Structures are given as structure tokens and as C-alpha cells.
Amino acid sequence: MEFEKEVRSLEETQSLAQSLAQLLEAQDTITLEGDLGAGKTTFTQALAKGLGITRTVNSPTFTIMKQYEGRLPFNHLDVYRLADSDEDLGWEEIFYGEAVSVVEWAHLIEEYLPNERLAIEIYRIDNDKRKFVLKPIGKRYEQLCEELF
């Protein structure tokens, strides 16, 4: 099962992310895939805002993970630098604690991800237009997508 949404502006991307944020609960995991410039970090920033996070959220490329406090704790991971690495960053605590986690370049740590999660692929169509493909893995995420759409 897949859900697709085409957005035509930054504001529509932000609206989608903030609407999703309202449905999230502790231990929810969202994975983001997309080429450089597709909008992964922009989507994550809007999601964080929807979770009530007021701090500036930027890509944790060089630190792997940044944590924020809002309505729920929020973990933002960019695991691009972990390609060809078997480094364990305490995945159990990250994914099964009280936080919502968003993982950019998640395919690089596939074996550590929770069995159930919301996988989102972002495709850049042009400067402003994006296509979001949401792939719920597990009943919770199927219900979440049905509510979102």
C-alpha cells in the first residue's frame, strides 16, 4: 500500500509535514529517502515545527543525530556518513525510547530500523514541485496514512 501526494510549493510541503506531526506518537519512526536537494531537511524542519519545536532544526550530517524537545522528544538522524559502517549508535534507545525519530538516508542502516515505520520517498520534479510517496510498514502506519489522506 502506498500513498502519493504532489506538492507545488514550499508551503504545501510544510503543511503536509505539520499535518503528519499532529498524528505522531512516541516511538514513531519516519525514514526519508530522496536525492540531494529533494527536500528531506525542509520536510523535517516543518515536521519538527509541527511537534512544537522552536529551536532551529538543521541537517545533522556531521554529527549523525541531533535531539530536540517539543510536544514529544525528537531525534533527527542523517546517516549518510554511516555508509559501509557497522557502527552501533544505540539504535534500541533511539528507536524504542520516548522520541519520534526521522532518519535521512535510512537505507544505509536498514538492518537497525524498527520493523514497523513510515517510509517516505521524496522526488524533486522541479524547483517547487515535489512528489511524496508514503509507504506505511505496519498497521499503525497504515492507519496514520489513512488519517493523513
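Residues numbered from 1 in each chain as written. Predicted model: local features only at pLDDT ≥ 70, side-chain atom pairs only at ≥ 80, totals over all residues. Heavy atoms only, no water.

Peer 1: Any chance you could break down the packing of helix α1 (residues 10–21) against helix α2 (residues 40–50) for me, citing the residues and the numbers?
Peer 2: Close contact between α1 and α2 brings their axes to 7 Å; oriented N to C, the two are set at 45°. Between α1 and α2, the crossing angle belongs to the class labelled oblique. α1 and α2 meet at a crossing whose hand is right-handed. Contact residues: α1 offers Leu10, Thr13, Gln14, Leu16, Ala17, Gln18, Leu20 and Ala21, while α2 offers Thr42, Phe43, Ala46, Leu47, Lys49 and Gly50. Broken down by class, the residue content of the contact of α1 with α2 amounts to eight nonpolar, five polar and one charged. (Axes fitted to C-alpha atoms, helices over the stretch in contact; angles between N-to-C directions. Helix = DSSP H or I, 4+ residues; strand = E, 2+ residues; numbered from the N terminus. Parallel < 35°, antiparallel > 145°, perpendicular 65-115°, else oblique. Left-handed = near helix turned anticlockwise from the far one by under 90°. Contact = heavy atoms within 4.5 Å. Nonpolar A, V, L, I, M, F, W, Y, C, P; charged D, E, K, R; others polar.)

Peer 1: Describe unusual backbone geometry, naming the residues involved and giving the relevant values.
Peer 2: For Gln27, which is not glycine, the phi dihedral falls at a positive 75°. Take Gln27: it is sitting in the loop between α1 and β2 (29–33). Owing to a relative accessible area of 36%, Gln27 belongs among the partly exposed residues under this scheme. Phi at Trp105 is positive, roughly 65°, even though this residue is not glycine. By the secondary structure assignment, Trp105 is in the loop between β5 (100–104) and β6 (117–124). On the accessibility criterion, Trp105 (13% relative accessible area) is buried. (Buried < 20%, exposed > 50% of the residue type's maximum accessible area, 1.4 Å probe, protein only.)

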